[in-house]
Amino acid sequence: MDDNRLLHIDQRQGHVAIDMGLMTDRQVKDATMQMLLRNAALATPLSFGQVALELGYLDQEGLAAVEMEERRRRRLINGYEIIDMIGSGTIATVYHAMQLTMDREVALKILHPRLASDPVFVRAYIAEAQAVSRFHHPNIVQGFDAGESNGFFYFAHEYLPGGSIADRLARGEEEARFSEGRLLKYLKQTTSALMHAWNVAVYHGDINPGNLLLDANGNIKLANLGVPRVAGLRTMGGTAMPGFVRCGPEYAAPEQLDKPDLVNPQTDIYSLGATFYHISFGVQPFTAPEGISLADYRLSVQLPSFSLESQEGFSAKYLRLLHDMLEVDPAKRPANPEELADRLEKFHQSGSDDSSVPGQGRTGVAPAASAISGRTSGRLSKRAVAPNPHSPERSFSLKRRKEVGQASPARRWLLRAVVAAVAAVLLWLYFLSRG
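Residues numbered from 1 in each chain as written. Predicted model: local features only at pLDDT ≥ 70, side-chain atom pairs only at ≥ 80, totals over all residues. Heavy atoms only, no water.

Notes on the layout of surface pockets
A water-sized probe rolled over the atoms picks out the places where empty space is left.
Inference 1: Taken as a whole, the second largest pocket encloses approximately 410 Å³ of empty space.
Inference 2: Along the wall of the second largest pocket there are 14 residues; nearest its centre are Arg12, Arg73, Ile82, Met85 and Tyr95.
Inference 3: Here the lining of the second largest pocket is built from residues that sort into five nonpolar, three polar and six charged. (1 Å grid on protein atoms, 1.4 Å probe; cavity = no way out; pocket = protein on both sides within 12 Å on 5 of 7 lines; lining within 4 Å. Points joined across faces, edges and corners; volume = space filled by probe spheres on them. Nonpolar A, V, L, I, M, F, W, Y, C, P; charged D, E, K, R; others polar.)

Next up, the structure:
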């Protein structure tokens, strides 16, 4: 057994000892620290239990009880051995585990007990697992197994140690620096995954950086596709089904703010645009004033679409795509997943846009948000809204960098010569008519 696996077991035993009232939090921390210090100089490492015995924090009977309870918790789900906790949300706790029969690592999602008592929710949870298991796509997290064991409802799916894009963003600037080429690759892979799901009328409904996982080769794997977002299955057994996962206000489409159960391709496209805005610039597209929740702010203030200008590392074509995905009016967004995929394909066919600014990737400076109040003569008409507080006060647009009427000296000379020639001809004709 490797050292990391052993450490996870030791940590779990400490938590169990606290839960059973056999050790205090201070004693567990002290025993853990002593264990780490001693093991740094030992060829055969000591276990947490051995150190706790030596320090007098546990006796033999107490240690045996802790080890038995820890083993029980590790085998909470028959056929699986829990290694470590990955995270916990409002719906379930996710563990890194081994599927013993297949000898493979999995992510094991266990429904919270308070929700397991709701039969409607349980049916939705199991249905999610069944829906995911139908997908076989290189950019969708693969589902393996689901069911009930020892009173717990679980769902086992592909384990991805690379973590999520949200993890990268949380770790800071260098971890989250993505070039436009990398972003287009991620966007194309995510769109491909969504198209695969949309083709069988399954919509995601909660696209955000936390649901974009990375495999060992740096490819996107879309997580948390689920049946509560399947078209036509808004009820189960005649009972209204609760929104299993609702998109947060950071990434929700405007039409979802007062209709959180509304999910369709247009809402998914908007959330995808908001997600890639965050990944591109390192900040979320909306920020509420202090003391006001983001959901209330977005409901009370009709925030319009974004207008974005080229900045270092991003072409106007890429920013135009983000802008179109973030249109307030769903009808102005890409009409369907095929249209979005076609536009992404054209990036590879045509190469970089000629108005892009040279650079290696994101600078960490987000553009200010500004409104699109209308379109006149093919240009964007803007009215200011509160810029993102993380951004400097800068003006952004999608115009070409050379403004109309800013002619070169050579062109000005040629224009003057033409005007002089025309004047000379007119003058000659005038004198000719008088003679």
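Some thoughts on helix H6 (residues 119–133)
Inference 1: With 15 residues, H6 should cover 21 Å at 1.5 Å per step; its first-to-last C-alpha distance of 21 Å lies within 8% of that length.
Inference 2: For H6, the complete set of buried residues consists of Val120, Phe121, Val122, Ala124, Tyr125, Ala127, Glu128, Ala129, Ala131 and Val132.
Inference 3: A side-chain oxygen of the first residue of H6 lies 3.0 Å from the backbone nitrogen of Val120; this N-cap is Asp118. (Helix = DSSP H or I, 4+ residues; strand = E, 2+ residues; numbered from the N terminus. Expected span 1.5 Å × (residues − 1). Buried < 20%, exposed > 50% of the residue type's maximum accessible area, 1.4 Å probe, protein only. Polar contact = N/O pair within 3.5 Å; in protein donor to acceptor, adjacent residues only side chain to side chain.)

A few points about the sheet that holds strand S1 (residues 80–88)
Inference 1: Judged by pairing direction, the sheet is antiparallel, and its five strands sit side by side in the order S1-S2-S3-S5-S4 without closing on themselves. With partners counted over all chains shown, the strands left at the sheet margins are S1 and strand S4 (143–149), one partner each. For this sheet, the mean angle separating the axes of adjacent strands, direction not counted, is 25°.
Inference 2: Relative to strand S5 (residues 152–158), S4 is paired through six bridges, and the arrangement is antiparallel. Counterpart to Gly147 in the pairing with S5 is Tyr154.
Inference 3: Sheet strands in contact with H6 are strand S2 (92–99), strand S3 (104–111), S4 and S5, and its direction is about 20° off that of S5. (Pairing = 2+ DSSP bridges. Axes fitted to C-alpha atoms, helices over the stretch in contact; angles between N-to-C directions. Contact = heavy atoms within 4.5 Å.)

Remarks on the environment of Glu250
Inference 1: On the secondary structure map, Glu250 appears in the loop between strand S9 (239–240) and helix H9 (265–281).
Inference 2: Ignoring sequence-local partners within four residues, the contact set of Glu250 consists of Ala274, Gln284, Pro285, Phe286, Leu294 and Arg298.

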